[in-house]
There are 2 protein chains.
Amino acid sequence: MHSYTETLDSFETFFAAHEFPSQPKKLYEPCSYLLRMGGKRIRPVLCLMSHELFAELNENVWHTATAIELFHNFTLMHDDIMDKAPLRRGFATVHEKYDLPTAILSGDVMSIFSYVHLNKINTEYIHSVMELFNRTAIEICEGQQMDMDFESENFVSLAEYMKMITLKTSVLIGASMKLGAMLGGATDGCSDILYQFGKSMGLAFQMKDDYLDAFGDSSKTGKQIGGDILSNKKTFLLSKAFEIANSTQREALLQLLQRNDEAKVADTLSYFEKLHIKELLEQEIQAYTNRAYELLEKVPVISKRKVHLNDLAKMLLNRES
Amino acid sequence: MHSYTETLDSFETFFAAHEFPSQPKKLYEPCSYLLRMGGKRIRPVLCLMSHELFAELNENVWHTATAIELFHNFTLMHDDIMDKAPLRRGFATVHEKYDLPTAILSGDVMSIFSYVHLNKINTEYIHSVMELFNRTAIEICEGQQMDMDFESENFVSLAEYMKMITLKTSVLIGASMKLGAMLGGATDGCSDILYQFGKSMGLAFQMKDDYLDAFGDSSKTGKQIGGDILSNKKTFLLSKAFEIANSTQREALLQLLQRNDEAKVADTLSYFEKLHIKELLEQEIQAYTNRAYELLEKVPVISKRKVHLNDLAKMLLNRES
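Residues numbered from 1 in each chain as written. Chains lettered and ligands numbered in written order. Predicted model: local features only at pLDDT ≥ 70, side-chain atom pairs only at ≥ 80, totals over all residues.

## Focus: unusual backbone geometry
The bulk of non-glycine residues show a negative phi, and the bulk of peptide bonds are trans.
All names here are of chain A.
Next, step 1: Following Gln23, the chain continues into Pro24 via a peptide bond in cis, with omega recorded as -5°.
Next, step 2: In this structure, Pro24 sits in the loop between α1 (4-17) and α2 (25-36).
Next, step 3: Here Arg41, not a glycine, exhibits a phi torsion of approximately 50°, which is positive.
Next, step 4: For Arg41, the position within the fold is in the loop between α2 and α3 (42-52).
Next, step 5: With a phi angle near 50°, Lys84 is a residue other than glycine that sits in the positive phi range.
Next, step 6: Mapped onto the fold, Lys84 is located in the loop between α4 (59-82) and β1 (87-88). (Helix = DSSP H or I, 4+ residues; strand = E, 2+ residues; numbered from the N terminus.)

## A few points about the relation of the copies chain A and chain B
Next, step 1: Expressed as a screw operation, the relation of chain A to chain B combines 0.0 Å of axial shift with a rotation of 180°, fitting to an RMSD of 0.0 Å. Here the transformation between the copies is reduced to the relation of a two-fold axis. Among all residues of chain A, the minimum C-alpha distance to the rotation axis is found for Thr123 of chain A, at 3.3 Å.
Next, step 2: Most of the interface of chain A is mirrored in chain B, where 100% of its interface residues again form contacts. (Least-squares fit on C-alpha atoms with pLDDT ≥ 70 in both. Contact = placed C-beta atoms within 7 Å.)

## Focus: the interface of chain A and chain B
Next, step 1: At the interface, 31 residues of chain A touch 31 residues of chain B.
Next, step 2: Of all the secondary structure elements, the ones that give two or more residues to the side of chain A that touches chain B are α2, α4, α6 (100-118) and α7 (123-151) of chain A.
Next, step 3: With 15 residues, α7 of chain A is the single largest residue contributor to the side of chain A that touches chain B.
Next, step 4: Counted by class, the side of chain A that touches chain B contains 18 nonpolar, 8 polar and 5 charged residues. (Nonpolar A, V, L, I, M, F, W, Y, C, P; charged D, E, K, R; others polar.)

## Here's the deal with the environment of Tyr293 of chain A
Residues and elements named next belong to chain A.
Next, step 1: Structurally, Tyr293 can be placed in helix α15 (residues 277-298).
Next, step 2: On the basis of neighbour counts, which here come to 16 C-beta atoms within 10 Å, the residue Tyr293 falls in the partly exposed class.
Next, step 3: The sequence separation of Tyr293 and Ser200 amounts to 93 residues, and the corresponding C-alpha distance is 9.2 Å. (Buried ≥ 20, exposed ≤ 12 C-beta atoms within 10 Å, placed from the backbone.)

## A few points about the packing of α4 of chain A against helix α8 (residues 158-183) of chain A
Residue and element names in this part refer to chain A.
Next, step 1: Where α4 meets α8, the closest approach of the two axes is 9 Å, and the angle between their N-to-C directions is 165°. The pairing of α4 with α8 is recorded here as roughly antiparallel in orientation. The handedness of the crossing between α4 and α8 comes out as right-handed. Only Leu172, Ser176, Leu179, Gly180 and Leu183 of α8 make contact with α4, whose side of the interface consists of Asn60, Val61, Thr64, Ile68 and His72.
Next, step 2: Looking at the contact of α4 with α8, its residues break down into 5 nonpolar, 5 polar and no charged. (Axes fitted to C-alpha atoms, helices over the stretch in contact; angles between N-to-C directions. Parallel < 35°, antiparallel > 145°, perpendicular 65-115°, else oblique. Left-handed = near helix turned anticlockwise from the far one by under 90°.)

## A closer look at the confidence of the model for chain A
Next, step 1: Per-residue pLDDT for chain A has a mean of 95; in total, 100% of the residues score no lower than 70.
Next, step 2: As a predicted assembly, this complex carries a pTM of 0.97 together with an ipTM value of 0.96. (pLDDT = per-residue confidence, 0-100.)

## A word on the nonpolar core
Proteins that are soluble and globular tend to have nonpolar side chains buried together.
Next, step 1: Counting 184 residues, the largest nonpolar core has Val109 of chain A together with Val109 of chain B as the members making the most contacts within it.
Next, step 2: Beyond its immediate stretch of four places on either side in the chain, Val109 of chain B contacts Ile138 and Cys141 of chain A together with Leu27 and Cys31 of chain B. (Core = buried A, V, L, I, M, F, W, Y, C linked by C-beta atoms within 7 Å.)

## Digging into the packing of α3 of chain A against α4 of chain A
Residue and element names in this part refer to chain A.
Next, step 1: Two elements in contact, α3 and α4, have axes whose closest approach is 8 Å; the angle formed by their N-to-C orientations is 155°. Taken together, the axis directions place α3 and α4 in an arrangement best described as roughly antiparallel. The hand of the α3/α4 crossing is right-handed. Along its contact with α3, which presents Arg43, Pro44, Cys47, Leu48 and His51, the element α4 presents Val61, Thr64, Ala65, Thr66, Ile68, Glu69 and His72.
Next, step 2: Each residue belonging to the contact of α3 with α4 can be placed in one class, and the counts come to 6 nonpolar, 4 polar and 2 charged.

Laid out in structure tokens, this is it:
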């Protein structure tokens, strides 16, 4: 049993040993560049820690964790193009530093390398791992598509919004945990609980993102407050506001979306206050957080084995940045 | 044993039964749009016909052929973005008809669907099929990168050019045949021969492309003669010309590359004539063609079983459009 930081260290060592070929340089250098930006490696670490609930770490789970992290980075590289993002973790994104064709092709080859690692899994597990991996990969694309579709819509229902963040973010966290558990020999029922745990945690995590954008402390988040509001991003806040607003209030919200002046953020926030959106979001985050802890409680291994996972969940769910 | 057209018909039926989910519409509609443009389905058909040299068609090979065709179309969708191509088979390319993010994401999801099909292969074969499939997929990306790198180079050696077309085009034709053979129970040695056969045929096919662009009959190819010359595309012709030119001739060739006037094509063609490039290319195509037939000859099954494959090779190698 290892803590988050211990597992992270071991993963970084294993992951660094995965080297891309040296040529063609313009294909592989951007892959290494993105991977070197770091990140918390939450998904592979959750996969490994979930595995350790049931068994000692082995080659199967190391390769699966690596495949997950490579695939995640592939989606980041392509999402950054689609979202026209200039920066990631303070560094120029791949399409900015290199160019568009490079970001497309380097992303493509990185996704194939995930499957190179998956193919190193024992025959006993390969079909079930590939099945969940593929299903999740497809769902991530579907979530990204929904997110893009939302850009041209004024109104996104809360149900649609929740579906989008489930697909775009939460299923991969759920799948990471489930894959770890499956490879650790957990029963179907048990690995399903870990899937649900990861998914609930992922949803709470994502909603916290929306929360921090509007109500966070910019000295902690390092971001300007209200970035989502300025860009009319479809968030929990906006969908919830539309859901509970009466027709006059809806009209007012639609008018706020049309605005581009300096007071837009402040006026939207005061509208959210009027509708108690902050409290409603806090309740929702708490509900998913509680559900996550309840699910972890249900996993049929002794509590001592869950301590580190519980700590990691706390770290992820109590973040203020 | 079935002919090309019979196999093509059966494949189209199987392939049409693969349906993408209906939602999100903007994600999956472009996939179906590209697949409906048709094409000769050379790769899956070669996979199936190679399989039939050894065994009756079964689910393993149908899914593999499907994975190959989906992967091929994924590369087309992304290559068209990178090459800024407005048309494919007379239809607007996906990024033109829809938009850039759509062409990226729909391509991504199509590539994942290849792996969904590969995961339907029996456990006995999955590792070896995935290994060759992944290696080939990586090589295709490397070939595309080389091709893009060539754009900013004045001079590409013949060895580099041959490596690029090998990776970008020929290995997938070789792999399609080898995968079919492997799944048909062929020995390693035997399926390697079919790999080499496919690769040689792919190279001859690709060089014929260069040939037809410069020396073809535009009433048959449907393309303006000299398109590659106009756009300074690095072809066999140009690399061969640079290879055999003396320093004065090289200088003249470099000057031709700088030109953009109406006589550029004609002047370049007459320079090629001076260097006997047409004949040298014909010889090279013939050499790869001969090698392909010799390899097919070597496959240890009775000649009668090879008739249809021989006919298909003839069709591919003797094409004038």
